[in-house]
Amino acid sequence: MKNKLILYIAMSLDGYIADKDGGIGFLDETPSPSPDLGYEDFYRSVQAMILGGKTYRQIKNVLSPAQWPYEGMPCYVCSRRQHPYDSNVQFTSLPPGQQLLDLISRQHKGTIWLVGGGEIVHGFMQANLIDTYYIYVMPTLLGNGIPLFPKGFPQTKLRLESCKNIGEIVELIYHKAVL
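Residues numbered from 1 in each chain as written. Predicted model: local features only at pLDDT ≥ 70, side-chain atom pairs only at ≥ 80, totals over all residues. Heavy atoms only, no water.

## Some points on the overall build of the chain
Across its full length, the chain holds four helices and ten strands. In terms of overall dimensions, the chain is globule-like: its C-alpha atoms have a radius of gyration of 16 Å, near the 16 Å expected for 179 residues. Relative to its full complement of 179 residues, the chain shows a buried share of 46%. Counting only carbon and sulfur atoms, one obtains 52% of the accessible surface of the chain, whose full area is about 10,000 Å². (Helix = DSSP H or I, 4+ residues; strand = E, 2+ residues; numbered from the N terminus. Rg over C-alpha atoms; globule rule 2.2 N^0.38 Å. Buried < 20%, exposed > 50% of the residue type's maximum accessible area, 1.4 Å probe, protein only. Areas by Shrake-Rupley, 256 points an atom, 1.4 Å probe, with all protein chains shown as cover.)

## Observations concerning unusual backbone geometry
A cis amide bond links Gly116 with the next residue in sequence, Gly117, at an omega value of 10 degrees. Tracing the backbone through its elements, the reader meets Gly117 in the loop between strand S6 (111–116) and helix H4 (118–126). Notably, Asn128 is not glycine yet its phi reads approximately 55 degrees, a positive angle. Note that Asn128 resides in the loop between H4 and strand S7 (132–138). Using a relative accessible area of 42% as the deciding quantity, one classes Asn128 as partly exposed.

## Observations concerning the nonpolar core
Soluble globular proteins tend to pack their nonpolar side chains together in the buried interior. Ranked by internal contacts, the top residues of the largest apolar core, which has 25 residues, are Leu5, Ile50, Leu114, Phe124 and Ile130. Counting residues per element, the ones that place at least two in this core are strand S1 (4–12), strand S3 (46–52), strand S4 (75–78), helix H3 (98–107), S6, H4 and S7. Those residues in contact with Phe124, other than ones at most four positions away along the chain, are Leu5, Ile50, Pro96, Gly97, Leu100, Leu114, Leu129 and Ile130. Counting residues in each nonpolar core, the second largest holds 22 residues, with Phe26, Trp68, Val89 and Trp113 among its members. (Core = buried A, V, L, I, M, F, W, Y, C linked by side-chain atoms within 4.5 Å. Contact = heavy atoms within 4.5 Å.)

## Here's the deal with helix H2 (residues 53–63)
Listing the buried residues of H2 in full gives Gly53, Thr55, Tyr56, Arg57, Gln58 and Ile59. Packing partners of the buried residues in H2 comprise S3, S4, strand S5 (90–92) and S6.

## Some thoughts on the pattern of salt bridges
Scanning the entire structure with this criterion turns up seven salt bridges. With its nearest N and O atoms 2.7 Å apart, the salt bridge here joins Lys54 to Glu119. Taken together, the positions of Lys54 in helix H2 and Glu119 in helix H4 put the pair 65 residues apart, joining distant regions of the chain. Glu119 sits in the partly exposed class, given a relative accessible area of 46%. Each of Lys54, Arg80 and Glu119 takes part in salt bridges that share partners, so that together they form one network. (Salt bridge = Lys/Arg side-chain N within 4 Å of Asp/Glu carboxyl O.)

Encoded structure:
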């Protein structure tokens, strides 16, 4: 089975995944639709996760300091910083790209979730390794913040699989175009 790298992420209507301070409170401001955007089904399909260092610290220190929310899921954190030991994750200084994906693929066959943030997304886009983009557009304009697609990413051709509204949220699913 070929591994599949999936970006599954929410952003504001103006393209930000967090406010300028890294906060994601805007995600909680939209009433949750029923069902849950398919998150539970998606999560059950994942064999491993990749996070950037800033995203890891946001989850660990702000969003869920009492308990790691992905207990039992293999999590790889790309970071140039030194971190204290954490049994929930494996830290790597490998840059986002084929070498990192190969490392993870040897251990975990199937779907790999690229969690974010923008820098790690940019790195995997540079290497043209993201297979599918699940993007949830929230009905909020932040005005500034951390962009999902930072400047300088390569032109990427995608093919639309689906576009639908789920309550006030728009779900966009794109696949990497096969040329």
